[in-house]
Amino acid sequence: MTQTSESATWLTQAAYDQLRAELEYLSGPARTEITIKIAAAREEGDLRENGGYHAAKEEQGKQELRIRQLTQLLEKAKVGTAPASDGEVAPGTLVKIAFDGDESDTMEFLLASREYASSDFETYSPQSPLGTGVMGKKIGEDAEYELPNGKKALVKILDVKPFNG
């Protein structure tokens, strides 16, 4: 679970441990492995036409980006239970919406980054069009967001509760 409160990101202990383990692996053994791959590819000769070298360097860049992301996330993380939901849509909440106000056409989803995705619920990022549209809304309020085709969609917030997954 994650919920942003000011600049803090709330994580369950399990989520924190999982992200910490990933960071330790990427910073240690994975860094060593990619360095060895790059060195082996470099020994093959001409670097301009060396696909293995370029692939390894690209992998290294992605890995370093992920290390920076995890470091920043974990520096701001607070482990425990996020403050109780006051019925307002925020990261780390399960949100039930009705499309065009039609309470027979509903969907429930988790508003969180993909790292916290649950197999039990669809997960939408707070930065997605739907996430941006519903963010900060309270139960009973309407929210509008932009569809991929450029049209606007209207949803009504039916329920908001903290995700305890």
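Look up a bit, the structure's there.
In this report, the structure presented in the accompanying data block is examined. (Residues numbered from 1 in each chain as written. Predicted model: local features only at pLDDT ≥ 70, side-chain atom pairs only at ≥ 80, totals over all residues. Heavy atoms only, no water.)

## Quick word on the overall build of the protein
Piece 1. Tallying secondary structure elements over the protein gives four helices and eight strands in all.
Piece 2. Mapped from its N terminus to its C terminus, the protein presents α and β elements in the order β-β-α-α-α-β-β-β-β-α-β-β.
Piece 3. Taken over 165 residues, the protein has a buried fraction of 36%.
Piece 4. Across the protein, the fraction of contacts at a sequence separation of at least 24, relative to all contacts at a separation of at least 6, is 53%.
Piece 5. Of the roughly 9,800 Å² of accessible surface on the protein, a fraction of 49% belongs to carbon and sulfur atoms. (Helix = DSSP H or I, 4+ residues; strand = E, 2+ residues; numbered from the N terminus. Buried < 20%, exposed > 50% of the residue type's maximum accessible area, 1.4 Å probe, protein only. Contact = heavy atoms within 4.5 Å. Areas by Shrake-Rupley, 256 points an atom, 1.4 Å probe, with all protein chains shown as cover.)

## Section: the nonpolar core
Nonpolar side chains tend to gather and get buried jointly when the protein is soluble and globular.
Piece 1. Ranked by internal contacts, the top residues of the largest apolar core, which has 14 residues, are Val89, Ile97, Phe109, Leu130, Val134 and Ile157.
Piece 2. If you list the elements that add at least two residues to this core, you get strand E4 (93-99), strand E5 (106-111), helix H4 (129-134), strand E7 (142-146) and strand E8 (152-162).
Piece 3. At four residues, the largest contribution of residues to this core is made by E8.
Piece 4. Contacts of Val89, omitting those with residues within four sequence positions, involve Val95, Leu111, Val134, Met135, Gly136, Lys137, Ile157 and Val160.
Piece 5. In this structure, Leu11, Leu26, Leu70 and Ala77 belong to the second largest nonpolar core, which totals 12 residues. (Core = buried A, V, L, I, M, F, W, Y, C linked by side-chain atoms within 4.5 Å.)

## Quick look at the packing of aromatic side chains
Piece 1. Within the structure shown, the criterion is met by one aromatic pair.
Piece 2. Seen in terms of ring centroids, Phe109 and Tyr124 are 5.2 Å apart; in terms of plane orientation they differ by 75 degrees. Their pairing is edge-to-face. Placement of the pair is Phe109 in strand E5 and Tyr124 in strand E6 (residues 122-124), with a sequence separation of 15 residues.
Piece 3. Using a relative accessible area of 0% as the deciding quantity, one classes Phe109 as buried. (Phe/Tyr/Trp six-rings, centres within 6.5 Å; stacked < 30°, edge-to-face > 60°.)

## Comments concerning the sheet that holds E6
Piece 1. Taken together, five strands build an open sheet; the order of strands is E6-E5-E4-E8-E7 and the sheet is mixed. At either margin of the open sheet sits one strand with a lone partner, and together these are E6 and E7. In this sheet, neighbouring strand axes are inclined to one another by 45 degrees on average, regardless of whether the strands run parallel or antiparallel.
Piece 2. Bridging between E4 and E8 involves seven bridges; their strand directions are antiparallel. Across the sheet, residue Leu94 finds its bridge partner in E8, namely Lys161. (Pairing = 2+ DSSP bridges. Axes fitted to C-alpha atoms, helices over the stretch in contact; angles between N-to-C directions.)

## What to know about the side chain of Asn50
Piece 1. Locating Asn50 in the fold gives a position in the loop between helix H2 (29-42) and helix H3 (51-76).
Piece 2. At a separation of 2.6 Å, a polar atom in the side chain of Asn50 contacts the main-chain carbonyl oxygen of Ala41.
Piece 3. Asn50 has contacts with Ala41, Glu44 and Gly45, leaving out every residue within four places of it along the chain. (Polar contact = N/O pair within 3.5 Å; in protein donor to acceptor, adjacent residues only side chain to side chain.)

## Observations regarding the pattern of salt bridges
Piece 1. This model, assessed by the stated rule, comprises seven salt bridges.
Piece 2. A salt bridge links Glu59 to Lys37, with the shortest nitrogen-to-oxygen separation between them at 3.3 Å. Remark: Lys37 occurs in helix H2 and Glu59 occurs in helix H3; sequence separation between them is 22 residues.
Piece 3. The partner of Glu108 in a salt bridge is Lys161, with the nearest N and O atoms 3.7 Å apart. Of the two residues, Glu108 is situated in strand E5 and Lys161 in strand E8; the sequence distance between them amounts to 53 residues.
Piece 4. The class of Glu108 is partly exposed, set by a relative accessible area of 29%. (Salt bridge = Lys/Arg side-chain N within 4 Å of Asp/Glu carboxyl O.)

## Thoughts on the environment of Ala143
Piece 1. One can find Ala143 in strand E7.
Piece 2. Each C-alpha atom of the pair Ala143 and Phe99 lies 9.9 Å from the other, and the pair is 44 residues apart in sequence.
Piece 3. Ignoring sequence-local partners within four residues, the contact set of Ala143 consists of Gly133, Val134, Lys137, Ala153, Leu154 and Val155.

Coordinates in, geometry out; function isn't part of it.
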